[in-house]
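# A closer look at the structure
One letter stands for each residue in the lines below.
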Amino acid sequence: MDYDIKDEGLAAKGKLRIEWADNQMPVLKTIRERFEKEKPLKGVKISACLHVTTETANLMRTLKAGGADAVLCASNPLSTQDDVAASLVKDFEIPVFAIKGEDNKTYYQHINSALDHKPVITMDDGADLISTLHSERKDQAQMIIGGTEETTTGVIRLKSMEEKKVLLFPVIAVNEANTKHLFDNRYGTGQSTIDGILRATNILMAGSTVVVSGYGWCGRGVATRARGMGANVIILEISPLRALEAVMDGYRVMTSIEAAKVGDIFITVTGDIHVLRKEHFEVMKDGTIIANSGHFNVEIDIPDLEKLSKERRTIRDFVEEFKLEDGRRINLLAEGRLVNLSSAEGHPASVMDMSFANQALSAEFLFKEGKNFEKKVYVVPKEIDEEIARLKLSSMGVNIDRLTDEQEKYLSSWEMGT
Ligand code: ADE
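Okay, so let's go over this structure.

Time to look at the overall build of the protein chain. The helix and strand tally for the protein chain stands at 17 helices and 15 strands. Principal-axis analysis of the C-alpha atoms places the extent of the protein chain at approximately 70 × 65 × 45 Å. Here the protein chain, with 418 residues, has 54% of them falling under the buried criterion. Considering only intrachain contacts with a sequence separation of at least 6, the fraction spanning at least 24 residues in the protein chain is 72%. In the structure as shown, the protein chain presents an accessible area of about 19,200 Å², 51% of it carried by carbon and sulfur atoms. The distance from the centre of the 53 positive side-chain charges to the centre of the 64 negative ones in the protein chain is 1 Å.

Right, let's get into the packing of aromatic side chains. Applying the stated criterion across every chain, the model contains five aromatic pairs. Ring centres of Phe365 and Phe373 lie 5.7 Å apart, and the angle between their planes is 50°; on these two criteria the pair is classed as tilted. With a centroid separation of 4.5 Å and an interplanar angle of 25°, the aromatic rings of Phe373 and Tyr378 are classed as stacked. Over the ring of Trp217 we find Arg220, and its NZ or CZ is 4.6 Å from the ring centre. The side chain of Lys371 reaches across the aromatic face of Phe367, ending 5.1 Å from its centre.

In the region of the ligand, the neighbouring residues are His51, Thr53, Glu55, Thr56, Leu341, Glu345, Gly346, His347, Met352 and Phe356. Contacts to the ligand include Thr53, whose side-chain N or O atom sits 2.7 Å from a nitrogen atom. Side-chain polar atom of Glu55 to a nitrogen atom of the ligand: 2.9 Å apart, as the coordinates give it. For the ligand, the accessible surface in isolation is 260 Å², of which the surrounding protein chains cover 95%. Taken together, the elements giving at least two residues each to the shell around the ligand come down to helix H3 (54–65) and helix H15 (349–369). Taken together, the residues of the shell around the ligand break down into three nonpolar, five polar and two charged.

This part covers helix H1 (residues 11–22). Along its 12 residues, H1 runs 16 Å from first to last C-alpha, staying within 8% of the 16 Å computed at 1.5 Å per residue. When H1 is considered as a whole, its buried residues turn out to be Ala11, Gly14, Arg17, Ile18, Ala21 and Asp22. Down the axis of H1, the buried side of the element spans an arc of 140°, and every buried residue falls inside it. Seen from the buried face of H1, the exposed residues on the opposite side, beyond 90 degrees, are Ala12, Lys13, Leu16 and Trp20. Against the buried residues of H1 lie helix H2 (26–38), H3, helix H4 (82–90) and H15.

Judged by pairing direction, the sheet is mixed, and its eight strands sit side by side in the order E9-E8-E7-E10-E11-E14-E13-E12 without closing on themselves. Of all the strands in the sheet, just strand E9 (252–253) and strand E12 (309–316) have a single pairing partner and so form its edges. Sheet topology note: the strand E10 (residues 265–268)/strand E11 (residues 288–292) ladder contains four bridges and is parallel. Within the sheet, the bridge partner assigned to Ile265 lies in E11 and is Ile289.

Another aspect to go through is the sheet that holds strand E6 (residues 171–173). The strand order across the open sheet built from seven strands is E3-E2-E1-E4-E5-E6-E15, with neighbouring strands paired in parallel fashion. Pairing within the sheet leaves two strands with one partner each, and these edge strands are strand E3 (96–97) and strand E15 (377–379). One ladder, built from two bridges, connects strand E2 (residues 69–74) with E3; its direction is parallel. In the sheet register, Leu72 faces E3, and the bridge partner there is Val96. On the sheet, H15 packs against strand E4 (121–124), strand E5 (146–149) and E6 and is oriented at approximately 165° with respect to E5.

Turning our eyes to something else, we now look at the side chain of Ser342. In this structure, Ser342 sits in helix H14 (residues 339–342). Assessed through its relative accessible area of 2%, Ser342 is described here as buried. For Ser342, the contacting residues outside a window of four places in its chain are Leu78, Lys100, Phe318, Ala334 and Arg337.

Reading the values: rules and limits
Every chain begins its residue count from 1, and numbering advances along the sequence as written. Totals for whole chains, interfaces and linings use all residues, but because this is a predicted model, local features are given only for residues with pLDDT of at least 70 and pairs of side-chain atoms are given and counted only at 80 or more. Side-chain measures here rest on the full set of heavy atoms in the structure, leaving out hydrogens and waters. Here a helix means four or more residues in a row that DSSP labels H or I, a strand means two or more in a row labelled E, and each is numbered from the N terminus. Think of it in three bands: residues with accessible area under 20% of the maximum for their type are buried, residues over 50% are exposed, and the middle band is partly exposed, with areas taken using a 1.4 Å probe on protein chains only. Contacts between residues were defined by any pair of non-hydrogen atoms, one from each residue, lying within 4.5 Å. Each accessible area is a Shrake-Rupley result for a 1.4 Å probe, and residues are judged covered by the shown protein chains and nothing else. A positive count includes Lys and Arg, and a negative count includes Asp and Glu. His and the chain ends are not counted in either. We put the charge of a Lys on NZ, of an Arg on CZ, of an Asp on CG and of a Glu on CD. The aromatic pairing rule takes the rings of Phe, Tyr and Trp, using the six-membered ring of Trp, and pairs them if the centres are within 6.5 Å, calling planes under 30 degrees apart stacked, those over 60 edge-to-face and the rest tilted. Whether a charge sits over a ring comes down to the Lys NZ or Arg CZ being within 6 Å of the ring centre and within 35 degrees of the ring normal. What makes a residue near a molecule or strand is one non-hydrogen atom of that residue sitting within 4 Å of it. Pairing of N or O atoms within 3.5 Å defines a polar contact, subject to two protein rules: one partner must be a possible hydrogen donor and the other a possible acceptor, and residues neighboring in sequence count only if both atoms are side-chain atoms. Three classes are used, and their members are as follows: Ala, Val, Leu, Ile, Met, Phe, Trp, Tyr, Cys and Pro are nonpolar, Asp, Glu, Lys and Arg are charged, and the others, Gly among them, are polar. Take the residue count of a helix, subtract one, and multiply by 1.5 Å to get its expected span. In this description, one arc is meant: the one made by directions from the helix axis to the C-beta atoms. Here a strand pair is declared whenever DSSP counts at least two bridges between the two strands. For helices, the axis comes from a line fit to the C-alpha atoms of the stretch in contact; other axes are also lines fit to C-alpha atoms, and the angle between any two N-to-C directions lies between 0 and 180 degrees.

Dropping the structure here:
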């Protein structure tokens, strides 16, 4: 078996952590048990480019239980959990190409190793696998039934490919499922981003001013959790609608340059480039902490920060202190990469349970139906989305009411008024 990981000796620790996460992934477990019996993915070659975490390990086990011949590479150079990679290889015999801290060249070598597997289904988190295939290995596209995409950033890239008519096979946008973005993006990013910042810095949130850039589902989650810990939260938005919503949710909303002068901790979750740049660094307070939780490391303009600095040093794991010409210090977390996956463990298993249930069921759906699809970005079928919500509720022991016949009739009629 071909693979590239840091240290096989870490497998025992990884296996226990995978088991711990599995205990909090009942929906995925239910799917895995069915997959074991039915083998809906028998012999299907899958190449997955995902964050190599305990939760992803349980997804890979599920695909394998369904009969898939699956391999995994990292979707970010800094998010790999090396013990998990080791256990996947040693205990579950699933090839992994991922090492935490790998440089860009190795990162793309690993993506190419996953593509060497000659997949018929691709699975992405950020669209780097698909994008590499479309730019360097186009000839492989004809054997691919379709792909899945986990995150907002990836879906944006894929929609742009669809619009430009360069997308070579259909892709299911897992991120668009309600059981994905309403939970993973909001509660997952909300909790894990704060977790990453706290593990890296051990700062007190209460009484601090936290500036959250972007009020999408991720930004909302981060803002809620920061406020819950006693921080004064400022929201930055470019959409008038979202900005208004943030105002009515009780946050202060202002421009980035105004916020730059008063914030203690900045968190970018916009998906766009250079959200924090020279003009902001020039007015930030001494000791300011800056972190990113968006998919790519582009939201903070690090070259700008480097140019303004006379010295830099690693002051704690995942904290780099930049000393500016005038003596002010700005602390950059996790090299501007996803702070939640770099200095913490990513979203908790209980929320990834739903995201990865969507991945597993979308792969099954693609294998069954994908041959009839066009070269477009598709949403997860409503039946899959609702089934996952039902299974999750049931695993939590929560029962809900059904409409009575009278209520159902009322909703489908127009005659009855006051
Ligand atoms: N994305 C965010 N959190 C994650 C996790 N725990 N595992 C895989 N992908 C993630």
